[in-house]
Structure formats: C-alpha cells, structure tokens
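# A closer look at the structure
Spelled out, the chains give:
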Amino acid sequence: MSDTREVDGAGRADDRSQSGSEGGSVGQVLHVKGRVLVGPDDVRDELWVIGGRISYERPRAAREITTVTGWALPGLVDAHCHVGLDAHGPVDAATAERQALTDRDAGTLLIRDAGSPSDTRWIDDREDLPKIIRAGRHIARTRRYIRNYAHEIEPADLVEYVGREARRGDGWVKLVGDWIDRDAGDLTACWPRAEVEAAIAEAHRLGARVTAHCFAEDSLRDLVEAGIDCVEHATGLTEDTIPLFAERGVAIVPTLVNIATFPKLAAGGEAKFPAWSAHMRRLHERRYDTVRAAYDAGVPVYVGTDAGGSLPHGLVAAEVAELVKAGLPTSAALSATAWSAREWLGRPGLTEGAPADLVVYGSDPRVDVRTLAQPLRVVVNGAVRA
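Rules behind the numbers
- Residues numbered from 1 in each chain as written.
- Predicted model: local features only at pLDDT ≥ 70, side-chain atom pairs only at ≥ 80, totals over all residues.
- Heavy atoms only, no water.
- Helix = DSSP H or I, 4+ residues; strand = E, 2+ residues; numbered from the N terminus.
- Contact = heavy atoms within 4.5 Å.
- Areas by Shrake-Rupley, 256 points an atom, 1.4 Å probe, with all protein chains shown as cover.
- Lys, Arg positive; Asp, Glu negative; His and termini not counted.
- Charge placed at Lys NZ, Arg CZ, Asp CG, Glu CD.
- Phe/Tyr/Trp six-rings, centres within 6.5 Å; stacked < 30°, edge-to-face > 60°.
- Buried < 20%, exposed > 50% of the residue type's maximum accessible area, 1.4 Å probe, protein only.
- Pairing = 2+ DSSP bridges.
- Axes fitted to C-alpha atoms, helices over the stretch in contact; angles between N-to-C directions.
- Salt bridge = Lys/Arg side-chain N within 4 Å of Asp/Glu carboxyl O.
- Arc of directions from axis to C-beta.
- Expected span 1.5 Å × (residues − 1).
- Core = buried A, V, L, I, M, F, W, Y, C linked by side-chain atoms within 4.5 Å.
- Patch = residues over 30% accessible without salt bridge, like charges linked within 9 Å, V, L, I, M, F, W, Y side chains within 5 Å.
- Polar contact = N/O pair within 3.5 Å; in protein donor to acceptor, adjacent residues only side chain to side chain.

Let us look at the overall build of the protein. Within the protein, the secondary structure is distributed over twelve helices and 22 strands. Along the first, second and third principal axes, the C-alpha atoms of the protein reach 75 × 40 × 35 Å. A sequence separation of at least 24 residues applies to 65% of the contacts in the protein between residues at least 6 apart. Only carbon and sulfur atoms are counted for the fraction: they give 46% of the accessible area of the protein, which is about 15600 Å². Averaging the locations of the 46 positively and 58 negatively charged side chains of the protein gives two centres separated by 2 Å.

This is the structure we're talking about:
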C-alpha cells in the first residue's frame, strides 16, 4: 500500500491509501495535476516528480504520493537580476540568501545574474534555492559606473578583463556600454569600437556570450556590429537600430520596472546635469513604444527585473505585466519568463527527466499574467518549498 496525500489549490490535504503496482517502491512522489503548461500550446493533464525529476509516466509504486492541483508553469526566469548585490555593492551571505529566497517565493527559479562582485557559488549547493547563471562582475570604464559594483578599467585592458570574467562566469560576460560622462553632461558610449570588437571576439572564443548595460542610443550600433549577444534595458533603440537588432538576432531585456525609476533619477540630477536629466525623461516617456517596436520587428525580448541594485527582489510578475502594458501579447510576455527564456539560456522546462522546478497557480496565467503574482506552490528540485 502507498500513502497518497492530496493538496488542493488552497493547500488543503487529504490522506488516503493507494495500492502499489508491480515493481519496487520509488519512495516519495509529487503528483501535479490540472493543467501542466509544458509549452504555450502543449498542455497536459498531469506530471509526476520522482527523485526530483519530471516524468510523464505514472510510477508503478510509491510509498507516498503528494498531489498538487492547479496550473503549472516551468519555474520563472529573471534574466537580469543581481544576487549578492545591493545599492552599495557586495552584500554578506545572509543578505544574498534572503534575496534568493525572495525570488524563489515569487516563482523565480532560474536567474541570469547580470553582474555581481559577490561570490555566490555556495548557492549552487543549496537544493532549496533558485539556479543561477552568472555573468561574472560588471566591466566598466574608470569612474563611469556605480561605486563598488564593477571592475573599472580603461579600453586597453578590456580584452583581458573580458577573458577573466568569461572564465569566472557561467557562459556570460557583462559590459557597461554607456553611462553618464560628467564632462559631456550626458550619457555617452564607454568603449571604442575596436576594443569592443576584440573583447567580444575573445568572449566568444572562450564560449561565453556578451551582454551590455545600455540606456542611450550612441553605443548600440557599435556593440551589435561587433557581435554582442544581448543588450540590457535598450531604452535607446530607434527605428534605425531596431532592424539591426532583429537582423542579428540580438536579444533585449528591457527591465521596465527599473526604467520606471528614470523620472526620479532625472529629478535628482537636473541641477547638475540638465541635458542628462532631459535625456532620461525622453527615454522613459517612449519606453513602451520602444519595447513594442522591437518585439514587432522580431527582436527577442526576455524578462528581467534588475533586482539587487536599488530595486527589491521578487518583481518578476510585475515585469511580465509591464511587458503586456507595453503591448506584447500575453502569450509572448509569459514565454519571455518561461518557455522561450529557458530555451535561450539553455535550461530545460517541464520536459521528461528535467529537474522539477515549477510553479503552480490557481488560474490560467495565459489568460491574465497578473496570476503570476500569486503562486500557490513553488517546487524546487522536486520538493515543495513555498
């Protein structure tokens, strides 16, 4: 006999017995039933979690089965997040743990950490925390980025540092492509074209992809033509550069929940840098049009929150809602944090044999993405964690 414990969408449990089939017992099993969203158009009635892995074949015998009902999605992706970082720089392990737990409880189970000075490799040994794909530490021009965040170097050292971070990260390197130039009083590109080309070529030689922080317009063409793989924020996209991104397949991670802070930043710097402040306001005002135009042109768009600097963690649902507000179809915005995002990062979703990282909701998130803000159950490595 095996014990079956059924947990409904409200968390109530019902104990009952179930006869085992032929074969040995497989121990504790999680049964997810209702609607399993393997893909946007691939919906199944149930899945099983055996030994922390997904299976679509009912186990022949189990000592205990826990059943969860609802709408199941692959663990959400935050493709621009900073675990181990706050507004002042690196944080201690206890703070980084709280950040990771906050993301987990919001349903974010895969993070592309887009630059952090902290060593968070210890998280990889924790079965209860999200999986992290690291981009190493930011690489910025001297005195051209937030203090205590980045390697601050000059162009002659760019190739060396990109190689270093390519070896340190998990297949990504993060550049700061533009920042305020105090002499110019506005955002300007940080790197000469030749150095960018050589640095990106070095990263690719080492098997790493390259992304860059870019708010403004000036750096984008050089970065894309130099072979960059992704641009963060991308508020400076225009009708001239959007086709280039689409042609080269360069992805963007708009971080609209972060772009929402631009008016406050502009107000704080207006007295000293009026041109920069006006520029930031213009970028903010057209943010939704920029993202929608990029999506319509075929530019890949993914969800990222930029949590861990000045923003709190756990904002993935808010960012998906922002993409919908920008004009992306609900299915596209959902895919940008689920199916297509995982494929882009080379990690499995709800496929046979994959680690069981999934989130269960009370209603269909394809109908209303606001459902993502209220996960009923969060499953990490096959165990219900939240």
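The next thing to look at is the packing of aromatic side chains. Two aromatic rings, taken as a pair, are described by how far apart their centres are and by the angle between their planes. By the definition in use, this model includes six aromatic pairs. Look at Tyr-145 and Tyr-149: their rings are 6.0 Å apart centre to centre, the planes differ by 75°, and that puts the pair in the edge-to-face class. Here Tyr-145 matches Tyr-149 in class, with each residue buried. Taken together, a centroid distance of 4.8 Å and an interplanar angle of 75° make the contact between Tyr-145 and Trp-179 edge-to-face. Here Tyr-145 is found in the loop between β12 (139-141) and β13 (151-153), whereas its partner Trp-179 is found in strand β15 (residues 178-181), with 34 residues between them in sequence.

With that settled, consider the sheet that holds strand β10 (residues 108-113). Pairing is parallel across the open sheet formed by three strands, whose spatial order is β7-β10-β11. Because the sheet does not close on itself, it has two edges, and the strands there are β7 (76-81) and β11 (131-134). Neighbour to neighbour, the strand axes of the sheet diverge by 20° on average, direction disregarded. Of the strand pairs in this sheet, β7 and β10 are connected by four bridges, and their pairing is parallel. In the strand pairing of β10, Asp-78 is matched with Ile-111.

All told, the structure shown has 25 salt bridges when counted by the stated rule. Residues Arg-121 and Asp-124 are paired through a salt bridge, measuring 3.8 Å at the closest nitrogen-oxygen approach. We classify Arg-121 as partly exposed; its relative accessible area is 31%. Between Asp-364 and Arg-366 there is a salt bridge, with the nearest N and O atoms lying 3.0 Å from each other. Taken together, the shared-partner salt bridges in this structure form one network comprising Glu-97, Arg-104, Asp-105, Arg-126 and Asp-128.

All buried positions along helix α9 (residues 287-297) are accounted for by Arg-287, Tyr-288, Thr-290, Val-291 and Ala-294. Seen along its axis, α9 keeps its buried residues to an arc of 165°; they face one direction. Structurally, α9 contributes buried residues whose contacts are with α5 (242-248), β19 (251-253), α6 (256-259), α8 (274-285) and α10 (316-325). Following α9 by one or two positions, Gly-298 adopts a phi angle in the positive range, close to 100°.

Here the focus is helix α3 (residues 193-205). The first and last C-alpha atoms of α3 sit 18 Å apart over 13 residues, in line with the 18 Å expected at 1.5 Å per residue. Listed as buried for α3 are Val-196, Ala-199, Ile-200, Glu-202 and Ala-203. Looking straight down α3, one finds its buried side chains confined to an arc of 155°; they lie on one side. Opposite the packed face of α3, turned more than 90 degrees from it, sit the exposed residues Ala-194 and Arg-205.

Okay, the nonpolar core next. If you look at the biggest cluster of nonpolar residues, it comprises 78 residues, and the most contacted ones within it are Leu-73, Ile-139, Val-173, Leu-175, Ile-228, Phe-245 and Leu-323. Leave out the neighbours within four places in its chain, and Ile-228 touches Ile-200, Val-210, Thr-211, Ala-212, Leu-223 and Val-250. Grouped together as the second largest cluster of nonpolar side chains are 14 residues, Val-32, Val-68, Leu-350 and Leu-358 included.

A few words now on unusual backbone geometry. If a residue is not glycine, its phi is most likely negative; likewise, a peptide bond is most likely trans. Phi angles above zero are rare outside glycine, and Arg-143 is one such case at about 60°. Turning to its location among the elements, Arg-143 is positioned in the loop between β12 and β13. A residue is classified by how much of its surface remains accessible, and Arg-143, at 66% relative accessible area, is exposed. Positive phi values are uncommon outside glycine, yet Asp-306 reaches one of about 65°. You can see Asp-306 is positioned in the loop between α9 and α10.

Turning our attention to the environment of Ala-79. If you trace the backbone, Ala-79 turns up in strand β7. Judged by relative accessible area, which is 1%, Ala-79 ranks as buried. Expressed as a C-alpha distance, the spacing of Ala-79 and Val-250, which sit 171 residues apart in the sequence, is 14 Å. When residues no more than four places from it in sequence are discounted, the contact partners of Ala-79 are Arg-112, Glu-232, Val-253, Tyr-302, Val-303, Gly-304 and Trp-344.

Further remarks concern a positive patch on the surface. The grouping of Arg-143, Arg-147, Arg-182 and Lys-272 at the surface amounts to a positive patch. Here Arg-182 lies in the loop between β15 and β16 (186-189). Overall, Arg-182 belongs to the partly exposed group, its relative accessible area being 48%.

A separate point is the environment of Ser-331. Mapped onto the fold, Ser-331 is located in helix α11 (residues 330-335). Residues Ser-331 and Arg-143 lie 188 residues apart in sequence; the distance between their C-alpha atoms is 41 Å.

Within the secondary structure layout, Gln-99 lies in helix α1 (residues 93-105). On the basis of relative accessible area, Gln-99 is assigned to the buried category, the value being 9%. Of note is the side chain of Gln-99, whose polar atom sits 3.0 Å from the backbone oxygen of Leu-85. Beyond its immediate sequence surroundings of up to four residues, Gln-99 is in contact with His-82, Val-83, Gly-84, Leu-85, Val-91 and His-313.

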